[in-house]
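Structure at a glance
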Amino acid sequence: MAKIDEVARAAGVSISTVSYALSGKRPVSAETRRRIQWAVHELGYSPNAGARMLAGSQTNIFALSEPLRADSHAPSHMSFMHAMTVAARRKEYDMLLLTDEDASAGMKRVAASGLVDAILVLDVAPDDARVEIARASATPTIFVGIPNDDEGLVCVDLDFERASIEAVDRLADAGHRAVGLIGGSERAYEKSNFPARVRAAVRQRATERGLTAEAVASGAVVVDRHDVRRSVRRFVDSGVTGIVLHAPEEVLQVVLAELGALGKSIPADISIVSVGSSFDTDAQPTPIDSIPLVPQSSCELAVDLAIELIAGRPVASGLHLIAPTYLDRGSVAAPPSS
């Protein structure tokens, strides 16, 4: 089946011009429309989707591409799926879930079918196959997450870089000179777009502030409690007094338990800041400062942008970043030596 980029090349226009001509959302010259219609006919481009768009009708359905894998962190994924569904219903949209592990196959089918008005993409990988599908489709697509190659895409996310900088600055301003980052599993750094961004930003900001920084993962494929405990002990032995946590709730629980076993108190001995947490750090036995990742914020913005695109209103491609909010729970103080 022909793709929209092939239609664009045959007609000698851009992909966006083809989309506008088929949807009728923006004016296109008669000659340009004629060339596009000829290319659609000659190439057999999505006849059902084309007919629907030419008729100007809508389905009031979003597709949500969220591959569920065996190693997925279910609580985080489910919180985003729920938040996206709620945001869609507030706009009177239903949701078609695409949860197959092969994320690109389902997205290709939906993009070519004309069954949905827009596609919302979750669990974005650094090298995500869905990027090229989005570029080749006339269906508006919003990514919640940032792939390595984001040119021409509309992406929504927490500003993880700014959040990481804020975490390091809080520790540096309190007088800490050695910090440690405890992240998720090594697999998470390969499969998700944001862990590596946090790690890079923490390292860079620590260097800028004259701090030493060490980053560790909390397991190979999934969280390994023994790895977490070993990392905490190594940090304490090497003089780390400030910890940045970017990991699931169970990792924080192990960190708190191990520090307690070592006789270390928070924040008198060790300060902790959680970056991008989607759980309530105030509900822990020891409340922890956090810069939370709020699924509702990302999902509501993604739905709003999708609605704008469906209506034919201009939306800037690129990154739509949500400013981080620091929640002070009293877990950062001056290190013991200060």
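**Quick look at the sheet that holds strand S9 (residues 271–275)**
Overall, parallel pairing links the 5 strands, which are arranged S7-S6-S8-S9-S10 in an open sheet. Both edges of this open sheet fall to strand S7 (212–216) and strand S10 (289–291), since each of them pairs with a single strand only. On average, adjacent strands in this sheet sit at an angle of 20 degrees to one another, irrespective of strand direction. Pairing analysis gives 4 bridges linking strand S8 (residues 242–246) to S9, with the strands arranged parallel. Residue pairing for S9: Ile243 is matched across the bridge by Ile272. Contacts from helix H11 (residues 225–237) reach strand S6 (178–183), S7 and S8, with the element oriented near 170 degrees to S7.

**Some thoughts on the side chain of Ser192**
Position of Ser192 relative to the elements: it lies in the loop between helix H9 (186–191) and helix H10 (195–208). The class for Ser192 is buried, based on a relative accessible area of 14%. Sequence-distant contacts of Ser192, defined by excluding residues within four places in its chain, comprise Asp123, Val124 and Pro126.

**With respect to the nonpolar core**
One finds Phe62, Met84, Leu120 and Ile142 to be the most contacted residues of the largest nonpolar core, which totals 43 residues. If sequence neighbours within four positions are ignored, Leu120 has contacts with Phe62, Ala63, Leu64, Ser65, Met84, Met95, Ile142, Ala302, Val303 and Ala306. If you look at the next biggest cluster of nonpolar residues, it comprises 21 residues, including Val228, Phe235, Val240 and Ile266.

Criteria and thresholds
- Residues numbered from 1 in each chain as written.
- Predicted model: local features only at pLDDT ≥ 70, side-chain atom pairs only at ≥ 80, totals over all residues.
- Heavy atoms only, no water.
- Pairing = 2+ DSSP bridges.
- Helix = DSSP H or I, 4+ residues; strand = E, 2+ residues; numbered from the N terminus.
- Axes fitted to C-alpha atoms, helices over the stretch in contact; angles between N-to-C directions.
- Contact = heavy atoms within 4.5 Å.
- Buried < 20%, exposed > 50% of the residue type's maximum accessible area, 1.4 Å probe, protein only.
- Core = buried A, V, L, I, M, F, W, Y, C linked by side-chain atoms within 4.5 Å.

The analysis is restricted to geometry; functional conclusions fall outside its scope.
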